[in-house]
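Results of the structural survey
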Amino acid sequence: MGTWNSRGLRGSFLEELINLTNEKYRRQKLALIQKVPTPIKPINIDKSTKHITLAYFDQKSTVDYIGVVQGIPVCFDAKECAEERFALANVHEHQMRFMQEFEEQGGVAFLLIYFAGRDCFMYLPFDALKKFWDRMKSGGRKSFTFSELDPAYEISTYSGTFVHYLEMLSKDIGRR
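The rules behind the values
Residues numbered from 1 in each chain as written. Predicted model: local features only at pLDDT ≥ 70, side-chain atom pairs only at ≥ 80, totals over all residues. Heavy atoms only, no water. Salt bridge = Lys/Arg side-chain N within 4 Å of Asp/Glu carboxyl O. Helix = DSSP H or I, 4+ residues; strand = E, 2+ residues; numbered from the N terminus. Buried < 20%, exposed > 50% of the residue type's maximum accessible area, 1.4 Å probe, protein only. Polar contact = N/O pair within 3.5 Å; in protein donor to acceptor, adjacent residues only side chain to side chain. Pairing = 2+ DSSP bridges. Contact = heavy atoms within 4.5 Å. Axes fitted to C-alpha atoms, helices over the stretch in contact; angles between N-to-C directions. Parallel < 35°, antiparallel > 145°, perpendicular 65-115°, else oblique. Left-handed = near helix turned anticlockwise from the far one by under 90°. Nonpolar A, V, L, I, M, F, W, Y, C, P; charged D, E, K, R; others polar. Core = buried A, V, L, I, M, F, W, Y, C linked by side-chain atoms within 4.5 Å. Phe/Tyr/Trp six-rings, centres within 6.5 Å; stacked < 30°, edge-to-face > 60°. Lys NZ or Arg CZ within 6 Å of the ring centre and 35° of its normal.

**Brief notes about the pattern of salt bridges**
As enumerated under the stated definition, the model contains 15 salt bridges in all. Where Glu-15 meets Lys-35, a salt bridge forms, and the shortest distance between an N and an O atom there is 3.7 Å. Of this pair, Glu-15 sits in helix 1 (residues 12-27) while Lys-35 sits in strand 2 (residues 31-35); the two residues are 20 residues apart in sequence, bridging distant segments of the chain. A salt bridge links Arg-85 to Glu-83; the nearest nitrogen and oxygen atoms lie 3.5 Å apart. Residue class for Glu-83 comes out partly exposed when judged on its relative accessible area of 46%.

This is the structure we're talking about:
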């Protein structure tokens, strides 16, 4: 079991933007996507503030978000990356297995990655992630670079939607 601390908050900027986007999608009746809570077991609680100061992950989580978009089941994980390369260590074996099984059941799985140095949001379809994953598993690089991603999957930020990923989801579904 992992320990929860401030490192776990690295993706909170991205997650907050996605949460706001998902709320807008819900209000517009475009999608119903929920954040999957990560179960933790509190160890230390500051009695004066009632804040958890130390906790352990109670069990492995699956992905960050799950829901339905116009009748299509979707699941995705949100990842933040400061560099031009994304370390595949940020994706866990159990997450890959869950996303694979989700797709086998007719759902659509993907990653939303925020490249902070570029201030750029990317949609990574599961099949593209799996190619990078399989390359790593067969002894290749343990990361992929921004330049290896399909530029057609860059997420635009307009119309008051923070991370407007539904366009990229539609593109992903359309090519299958």
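Further notes follow.
**Considering the side chain of Asn-22**
Turning to its location among the elements, Asn-22 is positioned in helix 1. Looking at Asn-22, its side chain comes within polar contact range of the side chain of Tyr-165, at 2.5 Å.

**Observations regarding the sheet that holds strand 11 (residues 154-155)**
One open sheet holds the 6 strands; their spatial order is 2-5-6-8-9-11, and the pairing between them is mixed. A strand with exactly one partner marks an edge of an open sheet, and here the two such strands are strand 2 and strand 11. Pairing of strand 6 (residues 72-81) with strand 8 (residues 108-115), which is carried by 8 bridges, proceeds in the parallel orientation. Opposite Glu-80, over in strand 8, you have Tyr-114 as the bridge partner. Taken strand by strand, helix 3 (residues 126-137) contacts strand 8 and strand 9 (120-125), and its axis lies near 85° from that of strand 9.

**Here we look at the pairing of strand 6**
Taken across its 10 residues, strand 6 has 7 buried, putting it largely inside the fold. Sheet topology places strand 5 (residues 65-69) next to strand 6; 5 bridges connect them, and they run antiparallel. Looking across to strand 6, one finds that Ile-66 is bridged to Cys-75. Connecting the antiparallel pair strand 5 and strand 6 is a turn made up of 2 residues, with Gln-70 showing a positive phi of about 50°.

**What to know about the packing of helix 2 (residues 93-104) against helix 3**
Running from N to C, helix 2 and helix 3 point in directions that differ by 140°, and their axes come no closer than 11 Å. Considered as vectors, helix 2 and helix 3 are oriented oblique to each other. Of the two elements, helix 2 crosses helix 3, and the hand of that crossing is left-handed. Two secondary-structure elements touch here, helix 2 through Glu-93, Met-96, Met-99, Gln-100 and Glu-103 and helix 3 through Phe-126, Leu-129, Lys-130, Trp-133 and Lys-137. Tallied by class, the residues present in the contact of helix 2 with helix 3 amount to 5 nonpolar, 1 polar and 4 charged.

**Details of the nonpolar core**
Of all hydrophobic cores here, the largest spans 48 residues; its most connected members are Met-99, Phe-110, Leu-112, Tyr-123, Leu-129 and Tyr-165. Tallying contributions element by element places strand 8 first for this core, with 8 residues. Once residues lying within four places of it in the same chain are set aside, the contact partners of Leu-129 are Leu-88, Val-91, Met-96, Met-99, Leu-111 and Leu-124.

**So, the packing of aromatic side chains**
Enumeration according to the criterion identifies 13 aromatic pairs in this entry. For Lys-35, the ring lying beneath its charged end belongs to Tyr-65, and the centroid distance is 5.6 Å. Sitting above the plane of the Tyr-153 ring, Lys-171 keeps its charged end 5.9 Å from the centroid.

**Here we look at the environment of Gln-95**
Tracing the backbone shows Gln-95 in helix 2. For the pair Gln-95 and Thr-62, spaced 33 residues apart in the sequence, the C-alpha separation amounts to 5.3 Å. Here the side chain of Gln-95 touches Thr-62 through a polar contact of 3.2 Å, landing on its backbone oxygen.

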